[in-house]
Protein chains: 2
Amino acid sequence: MAAAKGTPMSLAYIEVRNAAGFPGYESSCSIDENAGRAIREVLDRVGDKWSLLVIATLRGDRLRFTELLKHIPGISQRMLTLTLRQLERDGLVARTVYAEVPPRVEYELTDLGATLIPMARTIGDWALANHPAIEESRARYDAAH
Amino acid sequence: MAAAKGTPMSLAYIEVRNAAGFPGYESSCSIDENAGRAIREVLDRVGDKWSLLVIATLRGDRLRFTELLKHIPGISQRMLTLTLRQLERDGLVARTVYAEVPPRVEYELTDLGATLIPMARTIGDWALANHPAIEESRARYDAAH
DNA sequence: CGGCATCCCCTTCGATACTG
DNA sequence: CAGTATCGAAGGGGATGCCG
């Protein structure tokens, strides 16, 4: 069983041909609807344009809004705000406001957010290692079509 | 150095404070622009609505178009086509056409695509394990705002 | 400093219909 | 069976401006 501890997953739609246990796939065949939803909801958060970059930048640090802005090339003020709000809402990032003048706001990963680091690292490693191969493949495909 | 073997990454923008080696982050501070691009391009592919689900469904199998359609709940014909074309263009999925009547087309992961399995598994595990916590956090946040 | 509000473009995606 | 074509809604995301 790949279902998380305590998670009441109704694993319908499953034809067991392979119990190797890809999460959400008890078979090599059909996909569990709940698992699909969970995976897509996580990807909707972490797979958007900036979330993972924000998380990676925050790993092990408390950073102010402006610091994040400087350290993530290309992000706009608006998108940093929106991304941080989403991450805060999901309990992945903690926001601390200091009642000072001028105002100071610091962001850091929560414990839950910190568990994303290995995942982010896996994605980052894969991206750096295989991005060139993908670029080549695209060039070949485009040339042939 | 976390840069992939042979990858000529110009690691500018980097202030070395921590050599722990998060991919693309030689410091705990600034982010390398190329690494950011690579990560975002990979996420643009794998982080879209269906790609990861298609990849996970194809792991270890050769499947026909209609089979994929049946095994991925909620995907439309159009989106399956588009997703498969993108994955094929990026060299992650191989498409084989059999000149028969009626036509038969089979899809399978390439070697490059297969290297995505551990990443997909990491994401899926995390999603299944932490999705409930995220839902709770959202409910709390929404109640307080 | 750290936002939020507005405007607007562009892409993504679903529904539907048609085809070799 | 395995697509392609077209349409339209939704929303992601950039630029800019205002505010406590």
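Criteria and thresholds
Residues numbered from 1 in each chain as written. Chains lettered and ligands numbered in written order. Predicted model: local features only at pLDDT ≥ 70, side-chain atom pairs only at ≥ 80, totals over all residues. Heavy atoms only, no water. Contact = heavy atoms within 4.5 Å. Buried area = accessible area lost by both parts, 1.4 Å probe. Salt bridge = Lys/Arg side-chain N within 4 Å of Asp/Glu carboxyl O. Polar contact = N/O pair within 3.5 Å; in protein donor to acceptor, adjacent residues only side chain to side chain. Helix = DSSP H or I, 4+ residues; strand = E, 2+ residues; numbered from the N terminus. Expected span 1.5 Å × (residues − 1). Bend = angle between axes of the 7 residues up to and from the residue. Near = heavy atom within 4 Å. Nonpolar A, V, L, I, M, F, W, Y, C, P; charged D, E, K, R; others polar. Least-squares fit on C-alpha atoms with pLDDT ≥ 70 in both. Pairing = 2+ DSSP bridges. Axes fitted to C-alpha atoms, helices over the stretch in contact; angles between N-to-C directions. Phe/Tyr/Trp six-rings, centres within 6.5 Å; stacked < 30°, edge-to-face > 60°. Lys NZ or Arg CZ within 6 Å of the ring centre and 35° of its normal. Domains from an automatic or database assignment. Parallel < 35°, antiparallel > 145°, perpendicular 65-115°, else oblique.

## Points about the interface of chain B and chain A
Then comes step 1: Opposite the 71 residues of chain B that make contact, chain A presents 72 residues.
Then comes step 2: When chain B packs against chain A, close to 6,500 Å² is buried across both sides, 65% of that on carbon and sulfur atoms.
Then comes step 3: In this assembly, chain B and chain A are joined by 6 salt bridges.
Then comes step 4: Among the salt bridges present, the one from E41(A) reaches R138(B), with a minimum N-O distance of 3.4 Å.
Then comes step 5: Where chain B touches chain A, the interface holds 18 residue pairs in polar contact (both at pLDDT 80 or more).
Then comes step 6: Mapped onto the side of chain B that touches chain A, the elements with two or more residues apiece are helix 1 (33-46), helix 2 (51-58), helix 4 (77-89) and helix 6 (116-144) of chain B.
Then comes step 7: No other element matches helix 6 of chain B, which puts 23 residues into the side of chain B that touches chain A.

## With respect to helix 6 of chain B
Then comes step 1: Here helix 6 of chain B spans 39 Å end to end across 29 residues, near enough to the 42 Å set by a 1.5 Å rise per residue.
Then comes step 2: Bending of helix 6 of chain B peaks at approximately 50° at the position of N130(B), with proline P132(B) no more than four residues after it.

## Regarding the protein's contact with DNA strand D
Then comes step 1: Around DNA strand D, 19 residues are found, and the nearest of them are R78(A), M79(A), T66(B), R95(B) and Y107(B).
Then comes step 2: Residue R78(A) places a side-chain N or O atom 2.7 Å away from a base nitrogen belonging to DNA strand D.
Then comes step 3: In the model, a phosphate oxygen of DNA strand D is placed 2.6 Å from a nitrogen or oxygen of the R95(B) side chain.
Then comes step 4: Contributing elements (two or more residues each) for the surface near DNA strand D: helix 4 (77-89) of chain A together with helix 3 (65-71), helix 4 and strand 3 (104-109) of chain B.
Then comes step 5: Its residues assigned to classes, the surface near DNA strand D comprises 8 nonpolar, 4 polar and 7 charged.

## Re the relation of the copies chain B and chain A
Then comes step 1: Each copy superposes on the other: chain B lies on chain A with an RMSD of 0.1 Å after a rotation of 180° and an axial shift of 0.0 Å. Taken together, the rotation and translation describe the operation of a two-fold axis. No C-alpha of chain B approaches the rotation axis more nearly than that of G47(B), which lies at 2.3 Å.
Then comes step 2: A shared binding surface is used by both copies, with 99% of the interface residues of chain B retained as interface residues in chain A.

## Side note on the sheet that holds strand 1 (residues 63-64) of chain B
Residue and element names in this part refer to chain B.
Then comes step 1: A sheet is described by the order of its strands in space; here 3 strands give the open sequence 1-3-2, paired in antiparallel fashion. Strand pairing shows two members of the sheet lacking a second neighbour, strand 1 and strand 2 (93-98), which therefore form its edges.
Then comes step 2: In terms of strand pairing, strand 1 meets strand 3 through 2 bridges, oriented antiparallel. Bridging from a neighbouring strand, R64 pairs with E106 of strand 3.
Then comes step 3: Across the face of the sheet, helix 2 comes into contact with strand 1, strand 2 and strand 3 while running at roughly 95° to strand 3.
Then comes step 4: Of the strands in this sheet, strand 2 and strand 3 touch helix 4, which is tilted by about 110° from strand 2.

## Focus: the packing of aromatic side chains
Remark: the centre distance and the inter-plane angle together describe each pair of aromatic rings, the angle taken between the planes.
Then comes step 1: Overall, the coordinates contain 0 aromatic pairs over all chains when judged by the stated rule.
Then comes step 2: It is R40(A) that lies over the ring of W50(B); its NZ or CZ is 4.6 Å from the centre.
Then comes step 3: If you follow R104(B) out to its NZ or CZ, it ends over the ring of Y98(B), 4.0 Å from the centre.

## Remarks on unusual backbone geometry
Then comes step 1: The residue after V101(A), namely P102(A), is reached through a cis peptide bond having omega 0°.
Then comes step 2: Mapped onto the elements of the fold, P102(A) is located in the loop between strand 2 (93-98) and strand 3 (104-109).

## Considering the domain arrangement of chain A
Think of interface size as the accessible area that goes away when the parts come together; that is how it is often given.
Residue and element names in this part refer to chain A.
Then comes step 1: In terms of domains, chain A is made up of domain 1 (9-45) and domain 2 (47-144).
Then comes step 2: Counting from both sides, the interface comprises 4 residues of domain 1 and, opposite them, 8 residues of domain 2.
Then comes step 3: Where domain 1 abuts domain 2, roughly 450 Å² becomes buried across the two surfaces, and 44% of that area is made up of carbon and sulfur atoms.
Then comes step 4: Scanning the region where domain 1 abuts domain 2 turns up 1 salt bridge.

## Here we look at the packing of helix 4 of chain A against helix 6 of chain B
Then comes step 1: At a closest axis distance of 8 Å, the pairing of helix 4 of chain A and helix 6 of chain B adopts a crossing angle of 110°. With respect to their mutual orientation, helix 4 of chain A and helix 6 of chain B come out roughly perpendicular. Where helix 4 of chain A approaches helix 6 of chain B, its residues R85(A), E88(A) and R89(A) are matched on the opposing element by S137(B), R138(B), Y141(B) and D142(B).
Then comes step 2: Along the lines of polarity and charge, the residues of the contact of helix 4 of chain A with helix 6 of chain B split into 1 nonpolar, 1 polar and 5 charged.

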